[in-house]
Amino acid sequence: MTNEVEVTPGFFQRLGLAFRVLGDAALAGKLLKLTAAPEPAKPVSVPAEKAHASGLFVLGTLQEEGRLIDFLQQDVVSFSDEEVGAAARVVHGGCKKALQRLASLTPVLKEAEGDNVIVPTGFDSQRIRLTGNVSGQPPYRGVLKHHGWTATDLKFPSLSESIDYRVLAPAEVELS
Amino acid sequence: MARYSIGIDLGTTHSAVSSFELPRETVRGHEQSVLQIAQVVKPGTVDELPLLPSFLYLPNKNEFPDGSLALPWNKKSDDLIGDFARSHGSKVPARLVSSAKSWLCHPGVDRSAPILPWQAPPDVEKVSPLEASARYLRHLRTAWEHKYHGEKLHEQEVVLTVPASFDAAARDLTTQAAMQAGLENIVLLEEPQAALYAWIEALGEGFRKQLKIGEVILVIDVGGGTTDFSLIAVTEKKGDIHLTRLAVGDHILLGGDNMDLTLAHTLNQRLLNEGKKLDQWQFHSLTYACREAKERVFNDSKIKKTPIAVASRGSALIGGTIKTELTREEVEELLTDGFFPKTKINEMPVTTRRTGFAQMALPYAPDPAITKHLAAFLTHQAKALTGNSELPAALKGKSFIHPTAILFNGGVFKAETLRERVVDAVNSWLRVENGEPAKELQGIDLDLAVARGAAYYGWVRQGHGIRIRGGTARAYYVGVEAAVPAVPGFEPPINALCVAPFGMEEGSEAQIPPQEFGLVVGEPTRFRFFSSSLRRQDKPGDVIADAARDEELEELSPIETSLPAKDSKAGNFIPVNLQAMVTELGTLELRCLEKNGSGRWKLELNVRMKE
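Note on numbering: residues in each chain are counted from 1, in written sequence order. Each chain takes a letter, starting from A, and each ligand takes a number, starting from 1, following the order in which they are written. Totals for whole chains, interfaces and linings use all residues, but because this is a predicted model, local features are given only for residues with pLDDT of at least 70 and pairs of side-chain atoms are given and counted only at 80 or more.

Secondary structure elements follow DSSP: runs of H or I of four or more residues count as helices, runs of E of two or more count as strands, with numbering from the N terminus. In terms of regular secondary structure, chain A is built from five helices and five strands. Each helix and strand of chain A, ordered N terminal to C terminal, gives the series α-α-α-α-α-β-β-β-β-β. Every C-beta atom is placed from the backbone, and the number of other C-beta atoms within 10 Å of a residue's own sets its class: buried at 20 or more, exposed at 12 or fewer, partly exposed in between. Scored against the burial criterion, the 176 residues of chain A give a buried share of 11%. The contact criterion used is a C-beta to C-beta distance within 7 Å, with each C-beta placed from the backbone. The contacts of chain A with a sequence gap of at least 6 include a subset with a gap of at least 24, amounting to 70%.

Structure representation (structure tokens):
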């Protein structure tokens, strides 16, 4: 596609054009076509999202089972704690169940938070993050602040080629 | 040669499949395998779950995107069975087929006619209870074959379970459904027996320590929609332990779903009083929330009350969510006392005498008190079992059968409170007659035991382990018009002729002494058909007067046969004898044998309506 530079003709140029249109029926026809309302664009079918399908699937599942998207998309400020709490029960119950179905969750470290722990030489820096006074060589002694989470036993269902997982929840229309 | 024994539990609300590799010499113990059943959980998503909800949804043509109902073994599938069928069907009830199994044993309707969903609008392409059952079985078959690449299910030893209370026609229909699903030669097994097999397998040889000769096991199976009782005696023959199924109860349409609904209706009424109205979908999620709340309360005795939140239908979740709570008192009053009241042994359930003629909807039990149904079962069977040689001597002469052990099955009994309540009730009855308290047999998975026990039974059939004997749990009768002078306006009484006695073993025949039956060539001949779960002493050929009014007899759908007019002229009358046999597969067959000739005609169990 070539870039078109937009031109804005001055008043006299436009007046001249007007006279040309008066004398030239073919030109008038062309102009009419140009200024007519554009034809409604055909809905472009967007190819289904493939690369991120499983991520979108998780979002859709959390919405379907635990209404997570509904919850996050609402403005909580205007509601009472009572109302937020009631909704949170729906979200917590449903999302927990969905999560349990998809994966088993286990802490990275078995020790209780607050316990003294030893970080050994050659520790996995993805599984354990050091904070505070980080200096010297391992092994380190420290206090467990957060035990971390890992997902084990992933049980993702097989996804369909024919579904666009960007639709996190369909609109529901009830027929009477 | 079959490589696997497959147990299929085709339940009213859930189905499950278990496999047992036959060549092995020992029981599976805890590695009993349960098929993870692939099913659509939402459009475009297939997941594997251990249970297949027995629900069939009949979608409108443009309801879901093309290919979004595909199954791993069928990309073009438009059959919607299982998890999504149930959850979506709750929003579109007119297209949802549920409880097909209860319809399958309902003699008041034509079970091969497209009647489900019951009272669906005309544009829904309905299916018959038979067809729906066949589709569930086909789904289970293909799911299994897909998992066990290349193996064919019909080449395996397949055991399909039925409620002990299923009569001959319902058993026959179950076999037909299996055939339609491509499963020939399946073997039928009663569900309470399957549960006991699962217990025996789970305990291994250890079960012999828990059961002594002379004991009577009461199996109480409360499923999603039905309640089923069986009595199994532990006897001894030549030093070997034997298990004999003594009796089965009547078909009671009452189960765990009724309990969840009771809680939901109570809370719904409270919300209505507060001016909060739930729509159908919200009521469904309230029912579901009640089931979970019930389990929370039952599983933790410290919980005094548990909150219940019903999400808004629209996207405004905060502010739109309806909150209420369920207290321990409510759960105990409505469920423990409502369904398992502490009653006396002589308190019988309220019954409405079934007329059977105009009754169309499912015949739900009018009395929800399972303990009363149990009392009725134990009392009636004590009478019926008087003088029976299989009954352990210690139990003779009691006003009700004294069980020594109770085996529970069904998800309802995950609640310890309910198991305790039943044991308490039974033991309070036993105390009155100075009986020893009954113990609870533990160790089975309450959701999956029936499928597992059925797979184990396939192995037992090959000569391993211990087999429960017992034969048919009913006697069968054909109706014969009594020879009395005609009285205008009065139907002549019908006598019942016993054709198949109680306790016929698989693969056995019963000869009926000669009678005066005749078939008319070229015309269908029908017989009225009766059964009894109580009359144990009747022998083939015995006649019971005035069958239609006998409390111990239940009228079933009629049986019929049609003689093709070949050699004989149409309208001719051929004298015949009746013969009954129980097939190796566990179904009843009735034949007419030509007197002084070689003609044989099968009597079909009519699955259509009673007259």
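This brings us to the overall build of chain B. When helices and strands are tallied, chain B shows 12 helices and 29 strands. When we talk radius of gyration, it's over C-alpha atoms, and the globule rule is simply 2.2 Å times the number of residues to the 0.38. Taken against the 2.2 N^0.38 rule, which gives 25 Å for 611 residues, the C-alpha radius of gyration of chain B at 25 Å falls within 12% of a compact globule. Taken along its principal axes, the extent of the C-alpha atoms in chain B is 80 × 65 × 60 Å. Counting only residues that meet the buried cut, chain B has 49% of its 611 residues in that class.

So, about the interface of chain B and chain A. The partner chain A presents 19 residues to the 23 residues of chain B that form the contact. At three residues, the largest contribution of residues to the side of chain B that touches chain A is made by strand β5 (residues 45-49) of chain B. As a working rule, the residues Ala, Val, Leu, Ile, Met, Phe, Trp, Tyr, Cys and Pro are called nonpolar, Asp, Glu, Lys and Arg charged, and the rest polar, with Gly in that last group. Classifying every residue of the side of chain B that touches chain A gives 12 nonpolar, seven polar and four charged. Direction of pairing for strand β5 (residues 158-159) of chain A relative to β5 of chain B: antiparallel, over a ladder of two bridges. If you follow S158 of chain A over to β5 of chain B, its bridge partner there is V46 of chain B. Note: two strands are recorded as paired if DSSP finds a minimum of 2 bridges between them.

On to the sheet that holds β5 of chain A. Ordered in space as β5(A)-β5(B)-β4(B), the three strands form an open sheet in which the pairing is antiparallel. Of all strands in the sheet, those with a lone pairing partner are β5 of chain A together with β4 (37-42) of chain B, marking the two edges.

Residue and element names in this part refer to chain A. Angles here are taken between N-to-C directions and fall from 0 to 180 degrees, while the axes themselves are lines fitted to C-alpha atoms, restricted in helices to the stretch in contact. Where helix α3 (residues 53-66) meets helix α5 (residues 81-102), the axes come as close as 7 Å, and the angle between the chain directions of the two elements is 135°. Taken together, the axis directions place α3 and α5 in an arrangement best described as oblique. Between α3 and α5 lies a crossing of right-handed hand. Residue-level contacts link V58, T61, L62, E65 and G66 of α3 to V90, V91, G93, G94, C95, K97, A98 and L102 of α5. When grouped by side-chain class, the residues that make up the contact of α3 with α5 number seven nonpolar, four polar and two charged. If an angle is under 35 degrees, it is roughly parallel; if it is over 145, roughly antiparallel; if it lies from 65 to 115, roughly perpendicular; otherwise it is oblique. By convention, the crossing between two helices is left-handed when the near helix turns anticlockwise from the far helix through less than a right angle, and right-handed when the turn is clockwise.

Now for the sheet that holds strand β14 (residues 240-248) of chain B. Residue and element names in this part refer to chain B. Read across the open sheet, the six strands follow the order β18-β17-β12-β13-β14-β19; overall the sheet is mixed. If you trace the sheet from one side to the other, it starts and ends with β18 (439-441) and β19 (468-469), each paired once. Across seven bridges, the pairing between strand β12 (residues 216-222) and strand β13 (residues 227-237) is antiparallel. In the sheet register, V219 faces β13, and the bridge partner there is S230. Packed onto the sheet, helix α5 (residues 191-203) meets β12, β13, β14, β17 (405-409), β18 and β19 and runs at close to 115° relative to β12.

That bond from P138 of chain A to P139 of chain A is cis: its omega, 5°, falls within 30 degrees of zero. Inspection of the secondary structure assignment puts P139 of chain A in the loop between β2 (116-119) and β3 (140-143). Between L116 of chain B and the following residue, P117 of chain B, the backbone shows a cis peptide bond with an omega angle of -5°. Locating P117 of chain B in the fold gives a position in the loop between α2 (100-104) and α3 (129-147). One non-glycine residue, N185 of chain B, lies in positive phi territory at about 60°. Inspection of the secondary structure puts N185 of chain B in the loop between α4 (168-180) and β11 (187-190). The backbone of N434 of chain B sits at a positive phi, close to 55°, despite the residue not being glycine. Topologically, N434 of chain B is positioned in the loop between α11 (416-432) and β18.

A few words on the pairing of strand β26 (residues 554-562) of chain B. All names here are of chain B. Note: strand β24 (residues 524-532) against β26, seven bridges, orientation antiparallel. Within β26, the position partnered with F527 by the bridge is I559. Pairing between β26 and strand β29 (residues 600-605): two bridges, direction antiparallel. Paired with I559 across the bridge in β29 is L605.

Before going further, it helps to spend a moment on the packing of α3 of chain B against α4 of chain B. All names here are of chain B. At a closest axis distance of 8 Å, the pairing of α3 and α4 adopts a crossing angle of 55°. On the basis of their axis angle, the class for α3 and α4 is oblique. α4 is crossed by α3, and the crossing has right-handed handedness. Seen from α3, the contacting residues are L130, S133, A134 and L137; seen from α4, they are L173, T174, Q176, A177, A178 and Q180. Class assignment for the residues of the contact of α3 with α4 results in six nonpolar, four polar and no charged.

With that settled, the discussion passes to the pairing of β4 of chain B. Residues and elements named next belong to chain B. Counting buried positions along β4 gives five out of six residues, so the element sits mostly inside the fold. One ladder, built from five bridges, connects β4 with β5; its direction is antiparallel. Residue pairing across strands places A38 opposite E48, the latter belonging to β5. Where β4 folds back onto β5 in an antiparallel hairpin, the turn is made up of two residues, including G44, whose phi is positive at roughly 85°.

Residue and element names in this part refer to chain B. One finds A195, L196, Y477 and V499 to be the most contacted residues of the largest nonpolar core, which totals 188 residues. In terms of residues, this core owes the most to one element, helix α12 (residues 449-460), which gives nine residues. Setting aside residues no more than four positions away along its own chain, V499 makes contact with Y476, Y477, V478, I512, P540, L578, A580 and L590. As used here, a nonpolar core is made of buried Ala, Val, Leu, Ile, Met, Phe, Trp, Tyr and Cys residues. They are joined through C-beta atoms within 7 Å.

Below, the discussion takes up the domain arrangement of chain A. Often the size quoted for an interface is simply the accessible area lost on bringing the parts together. By convention here, the domain bounds are inherited from an automatic or database domain assignment. With domains assigned, chain A is organised as domain 1 (49-103 + 154-169) and domain 2 (104-151). Look at where the C-alpha atoms of domain 1 of chain A and domain 2 of chain A centre, and you get two points 30 Å apart.

Domain boundaries assigned for chain B yield domain 1 (4-189), domain 2 (207-254 + 346-446), domain 3 (256-337) and domain 4 (475-605). A straight line from the C-alpha centre of domain 3 of chain B to that of domain 4 of chain B covers 52 Å.

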